[in-house]
Amino acid sequence: MTATTTTPVTVAPARAVRQPSARLRAWATRAPLLPALIFMIAVTQLPFVATLVISFFDWNALYPDARRFTGLDNYRQVLTDADLRHSVWTTVLLTATVVLVSLVLGLVLALLLDRKFRGRGVVRTLLIAPFLIVPVAAALLWKHVLYNPEYGLLNGLLHYVGGPQPDWISRTPLLAVEASLVWQWTPFMMLILLAGLQSRDHEQIEAARVDGANDWQIFRHLTLPHLRRYLELGALLGSIYIVQNFDAVFTITSGGLGTANLPYTVYQSFYQAHENGLASAAGVLVVIGSIVIATFALRVVSSLFREEVARS
């Protein structure tokens, strides 16, 4: 018998596949977002940096060769000049009034829409409509359709009942601007507060009713504390936008009669007085104020998300 020997076959080890590093995978994931990031930096951050640099110069567009570095003099002038201080005060007063009145009216409308009634969807759509109108168109609507002393709707109603025919814009200019902004921003507040009302714990409300609590007690001790975060969010977001409002002031009063806020003063300094440095300093202050308010708004939003996650 012949013995056969088997030669062992050696298998070559497979080459180790190199895995991409975690940093490389992260960059590959973010790469599609780079064009959008570059575009955002080009259209937002670079102009702001240019504005910041110009704010340190005494720069009049009519005399470009006479520009010189002045440091913080433009900021000092913005904070000490009587007209500029008045525009800052007007901005604060306009923002606070519009935000507070819009929040109160928005809360009332949200409480009404939280109830079930026939045609609630139609009413909700009609109430949202003012917020969807272009701001300049809304200001023109109030200026010509409502405020006009000759053919305006307000004076038409007063004429029907035998009342006076005032010139609303000349007599109450700041109130005229505030009314148009309240009309436009009340739906925004209503939507935020309505979302808050619909996120309430209805079992808790039913338990309070069983224990004998009336509507006012439920609103004061349950609904209002629950809406605190939503009220803060509405106030902060409304302040961010209204502090920068330019359309209503420019369209209704053209910044006259003591209604010039800080954004309109920036426009006036830049396009009419050609004071690029002074206008840039005022604009930087507006941006800083908006960033401060936005920081608080983001904290409120994050706390709302944390509460929703904890509740779920």
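Residues numbered from 1 in each chain as written. Predicted model: local features only at pLDDT ≥ 70, side-chain atom pairs only at ≥ 80, totals over all residues. Heavy atoms only, no water.

**With respect to the domain arrangement of the protein**
Accessible area lost upon the coming together of the parts is a frequently used measure of interface size.
Turning to step 1, where the next piece is worked out: You can read the domains of the protein as domain 1 (1-40) and domain 2 (57-311).
Turning to step 2, where the next piece is worked out: For domain 1 and domain 2, the distance between their C-alpha centroids amounts to 57 Å. (Domains from an automatic or database assignment.)

**Brief notes about the UniProt feature "transmembrane region" (unreviewed entry) in the protein**
Turning to step 1, where the next piece is worked out: The UniProt feature table records "transmembrane region" (unreviewed entry) at residues 33-57, 88-113, 125-145, 174-197, 230-257 and 277-301.
Turning to step 2, where the next piece is worked out: Spanning residues 88-113, this segment combines 100% helix with 0% strand, and its end C-alpha atoms are found 37 Å apart.
Turning to step 3, where the next piece is worked out: Structurally, residues 174-197 is divided into 100% helix and 0% strand, and its ends, taken at the C-alpha atoms, are 33 Å apart. (UniProt positions renumbered as here; feature names shortened; annotations may be inferred. Helix = DSSP H or I, 4+ residues; strand = E, 2+ residues; numbered from the N terminus.)

**Focus: the packing of helix α4 (residues 82-113) against helix α9 (residues 173-198)**
Two numbers describe a pair of packed helices, the interaxial angle and the distance between the axes.
Turning to step 1, where the next piece is worked out: The interhelical angle for the contact between α4 and α9, taken along N-to-C directions, is 45°, at an axis separation of 6 Å. Here α4 is positioned oblique relative to α9, judged by the angle of their axes. When you trace α4 past α9, the crossing you get is right-handed.
Turning to step 2, where the next piece is worked out: Per-class residue counts for the contact of α4 with α9 are 21 nonpolar, 5 polar and 1 charged. (Axes fitted to C-alpha atoms, helices over the stretch in contact; angles between N-to-C directions. Parallel < 35°, antiparallel > 145°, perpendicular 65-115°, else oblique. Left-handed = near helix turned anticlockwise from the far one by under 90°. Nonpolar A, V, L, I, M, F, W, Y, C, P; charged D, E, K, R; others polar.)

**Quick word on the nonpolar core**
Turning to step 1, where the next piece is worked out: Leu 94, Val 98, Ala 110, Val 177, Leu 181 and Ile 242 are the most contacted members of the largest nonpolar core, which totals 40 residues.
Turning to step 2, where the next piece is worked out: Contributing elements (two or more residues each) for this core: α4, α6 (135-146), α9, α12 (228-242), α13 (247-253) and α15 (276-311).
Turning to step 3, where the next piece is worked out: The dominant element in this core, judged by the number of residues it contributes, is α9, at 13 residues.
Turning to step 4, where the next piece is worked out: Non-local contacts of Ile 242, meaning those with residues more than four positions away in its chain, are made with Leu 94, Thr 95, Val 98, Val 99, Leu 181 and Trp 185. (Core = buried A, V, L, I, M, F, W, Y, C linked by side-chain atoms within 4.5 Å. Buried < 20%, exposed > 50% of the residue type's maximum accessible area, 1.4 Å probe, protein only. Contact = heavy atoms within 4.5 Å.)

**Quick notes on the packing of aromatic side chains**
Turning to step 1, where the next piece is worked out: For the structure shown, the criterion picks out 16 aromatic pairs.
Turning to step 2, where the next piece is worked out: Pairing Trp 185 with Phe 188 gives two aromatic rings, centres 5.4 Å apart and planes at 80°, and the pair type is edge-to-face. Pair noted here: Trp 185 and Phe 188 are both in helix α9, with a separation of 3 residues, about one helical turn.
Turning to step 3, where the next piece is worked out: Judged by relative accessible area, which is 15%, Phe 188 ranks as buried.
Turning to step 4, where the next piece is worked out: The aromatic ring of Trp 59 is capped on one face by Arg 67, whose charged end is 4.7 Å from the ring centroid. (Phe/Tyr/Trp six-rings, centres within 6.5 Å; stacked < 30°, edge-to-face > 60°. Lys NZ or Arg CZ within 6 Å of the ring centre and 35° of its normal.)

**Notes on empty space enclosed by the protein**
Rolled over the atoms, a probe sized like a water molecule indicates the empty space that remains.
Turning to step 1, where the next piece is worked out: Counted under the stated rule, the structure contains 1 cavity of 30 Å³ or more.
Turning to step 2, where the next piece is worked out: Pro 135, Ala 138, Ala 139, Ser 180, Leu 181, Gln 184, Asn 245, Asp 247 and Ala 248 together form the lining of the largest cavity.
Turning to step 3, where the next piece is worked out: At the level of elements, α6, α9 and α13 are the ones that each hand at least two residues to the lining of the largest cavity.
Turning to step 4, where the next piece is worked out: Among the residues making up the lining of the largest cavity, the classes are represented as 5 nonpolar, 3 polar and 1 charged. (1 Å grid on protein atoms, 1.4 Å probe; cavity = no way out; pocket = protein on both sides within 12 Å on 5 of 7 lines; lining within 4 Å. Points joined across faces, edges and corners; volume = space filled by probe spheres on them.)

**Details of the pattern of salt bridges**
Turning to step 1, where the next piece is worked out: If you walk through the whole model with that rule in mind, you get 6 salt bridges.
Turning to step 2, where the next piece is worked out: Between Glu 232 and Arg 228 there is a salt bridge, and its shortest N-O distance comes to 2.9 Å. Linking Glu 232 with Arg 228, this pair stays in helix α12, spanning 4 residues, or about one helical turn.
Turning to step 3, where the next piece is worked out: We classify Glu 232 as partly exposed; its relative accessible area is 27%.
Turning to step 4, where the next piece is worked out: By sharing partners, the salt bridges in this structure join Arg 228, Arg 229 and Glu 232 into a single network. (Salt bridge = Lys/Arg side-chain N within 4 Å of Asp/Glu carboxyl O.)

**Overview of the side chain of Thr 91**
Turning to step 1, where the next piece is worked out: Take Thr 91: it is sitting in helix α4.
Turning to step 2, where the next piece is worked out: Residue class for Thr 91 comes out buried when judged on its relative accessible area of 6%.

**A short note on the environment of Leu 231**
Turning to step 1, where the next piece is worked out: Of note, Leu 231 is situated in helix α12.
Turning to step 2, where the next piece is worked out: Relative accessible area serves as the criterion here: at 21%, Leu 231 is assigned to the partly exposed category.
Turning to step 3, where the next piece is worked out: When the C-alpha positions of Leu 231 and Val 266 are compared, they lie 30 Å apart, and in sequence the two are 35 residues distant.

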